Amino acid sequence: MGWFDTVQNPKLKSAKKVSTNTPSGLWKKCTNCAEIIQSDKLDEMYQVCPYCDHHFRLSAHERINLIIDEGTFEYHLEDLTSSDPLEFTDKKPYKTRLKEAYDKTGLLDGTLCGVGKINKQEVSLCVMNFQFMGGSMGVVTGEKVAHVMDIALEKKIPAIVLCSSGGARMQEGILSLMQMAKTSAARQKLKNAGIPFISILTDPTTGGVAASYAMLGDINIAEPKALIGFAGPRVIEQSIRQTLPQGFQRSEFLLEHGFVDRIVHRHKLKEELSYFVDLFQN
């Protein structure tokens, strides 16, 4: 078999690179309908595909601009950032992951919070950012969500939390899981005082976030076709060894089964929130 050792793998011709002067980032391909869309047009429509209505993910700042009156938002706890209490290391140290997230988003944490106005009505708002480590809930996120609810309790104004998260942050271990109890307790204070809490569920809202404050709203509003649930569909199928129904754990499925109160298009979200804030205030 000596001849076999002398056989060489065929060389594949590499595709010839064609130089272009077209700047990158001018176009974006819809992941749902595969249409090519101008990035500027997509920005004007708050990242909603004009052809199929697919909702792309937004950053925390973009979501604040979407629902809060211009120039009225006052940021709280901006300097709060995650530490590494467990000195956790998986494929890379947790501190390295945090630095990469800082560099990618320019934010110290994946959650922004503060007080602003929706159509001149004051609200306490917390917004999660999926771009920062998958929007995972660490100690800082739990503190900010609880802070927003405490401010709402103090000022007697509605609390709104906009969820976008893959769940608890594993790098902070049990400290992350404790935020489920902490935020749920803060939410219960609002309920006891009769202060409204509105939860907005976007794609995705899963894990420990869905298992705590995200599903505890007086009104649970979801964006179209958002993935909402505790474990992902693939994990569930592998556990129960059954094929799940079409659209399982999407907003429409949850609305049909009573887990979500309303599905609201992104362009109508501010108007819908204004209606509920006014309704609760009266």
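Our subject is the structure that appears above.
Residues numbered from 1 in each chain as written. Predicted model: local features only at pLDDT ≥ 70, side-chain atom pairs only at ≥ 80, totals over all residues. Heavy atoms only, no water.

S.K.: Looking at this structure, how should I read the nonpolar core?
M.R.: The nonpolar side chains of a soluble globular protein tend to be buried with one another. Counting residues in hydrophobic clusters, the biggest one holds 29 residues, and the most contacted among them are Met149, Val161, Cys163 and Tyr213. Every element with two or more residues in this core is listed here: β4 (111-118), β5 (121-128), α5 (139-155), β6 (159-165), α6 (173-193), β7 (197-205) and α9 (251-256). The dominant element in this core, judged by the number of residues it contributes, is α5, at six residues. If we ignore the near neighbours within four places in the chain, the residues touching tyrosine 213 are Met128, Met137, Thr141, Val145, Met149, Val161, Cys163, Thr183, Ser184, Phe197 and Ser199. Core analysis: the next-biggest nonpolar cluster, separate from the first, contains 24 residues, Ile68, Leu107, Ile219 and Phe276 among them. (Core = buried A, V, L, I, M, F, W, Y, C linked by side-chain atoms within 4.5 Å. Buried < 20%, exposed > 50% of the residue type's maximum accessible area, 1.4 Å probe, protein only. Helix = DSSP H or I, 4+ residues; strand = E, 2+ residues; numbered from the N terminus. Contact = heavy atoms within 4.5 Å.)

S.K.: Any chance you could explain the environment of isoleucine 64 here in plain terms?
M.R.: Tracing the chain through its elements places isoleucine 64 in helix α3 (residues 60-67). Sequence separation between isoleucine 64 and leucine 112 is 48 residues, and the spatial gap between their C-alpha atoms is 9.0 Å. For isoleucine 64, the contacting residues outside a window of four places in its chain are Phe73, Tyr75, Leu112, Leu125 and Val127.

S.K.: Whenever I open this one, the packing of aromatic side chains confuses me. Can you help?
M.R.: What describes a pair of aromatic rings is the distance from one ring centre to the other and the angle between the planes of the rings. As enumerated under the stated definition, the model contains four aromatic pairs in all. Pairing tyrosine 102 with phenylalanine 132 gives two aromatic rings, centres 6.0 Å apart and planes at 40 degrees, and the pair type is tilted. In this pair, tyrosine 102 sits in helix α4 (residues 94-105) while phenylalanine 132 sits in the loop between β5 and α5, placing the two residues 30 residues apart along the sequence. Given the relative accessible area of 0%, phenylalanine 132 is considered buried. Each ring, one from tyrosine 275 and one from phenylalanine 276, has its centre 5.2 Å from the other, and the planes form 65 degrees; the classification is edge-to-face. The class of tyrosine 275 is partly exposed, set by a relative accessible area of 46%. Its end group placed over the ring of phenylalanine 56, lysine 28 keeps NZ or CZ at 4.5 Å from the ring centre. Lying over the aromatic face of phenylalanine 130, arginine 57 brings its terminal NZ or CZ to 4.3 Å of the ring centre. (Phe/Tyr/Trp six-rings, centres within 6.5 Å; stacked < 30°, edge-to-face > 60°. Lys NZ or Arg CZ within 6 Å of the ring centre and 35° of its normal.)

S.K.: It is not clear to me how the pairing of β6 should be interpreted in this structure. Could you clarify?
M.R.: Regular strands show a simple pattern: their side chains alternate between the two faces of the sheet. Across the seven residues that make up β6, a large majority, seven, are buried. Because side chains alternate across β6, one face comprises the buried residues Ala159, Val161, Cys163 and Ser165, and the other comprises Ile160, Leu162 and Ser164, equally buried. As for the winding sense of the linkage, the β-α-β connection from β5 through α5 to β6 is right-handed. Pairing between β6 and β7: six bridges, direction parallel. When the bridges of β7 are listed, serine 165 appears paired with threonine 205. One crossover worth recording links β6 to the parallel β7 by way of α6, and it is right-handed. (Right-handed = clockwise from strand over helix to strand, strands pointing away. Pairing = 2+ DSSP bridges.)

S.K.: For this particular structure, what's the right way to read the sheet that holds β7?
M.R.: Think of a sheet as strands paired side by side through backbone hydrogen bonds, with each pair either parallel or antiparallel. Ordered in space as β3-β4-β5-β6-β7-β8-β9, the seven strands form an open sheet in which the pairing is mixed. Lying at the two open borders of the sheet, with one neighbouring strand each, are β3 (74-76) and β9 (262-263). Where β3 and β4 come together, three bridges link them in antiparallel fashion. Counted as the bridge partner of tyrosine 75 is glycine 114 from β4. Seen against the sheet, α5 touches β3, β4, β5, β6 and β7 and runs at an angle of roughly 170 degrees to β5. (Axes fitted to C-alpha atoms, helices over the stretch in contact; angles between N-to-C directions.)

S.K.: I'm lost on the pairing of β4 in this one. Help?
M.R.: A large share of β4 lies buried, amounting to seven of its eight residues. Across eight bridges, the pairing between β4 and β5 is antiparallel. Following the sheet pairing, glycine 114 is matched in β5 by leucine 125. Following β4, the chain reverses through two residues before pairing antiparallel with β5; asparagine 119 in that reversal takes a positive phi of roughly 50 degrees.

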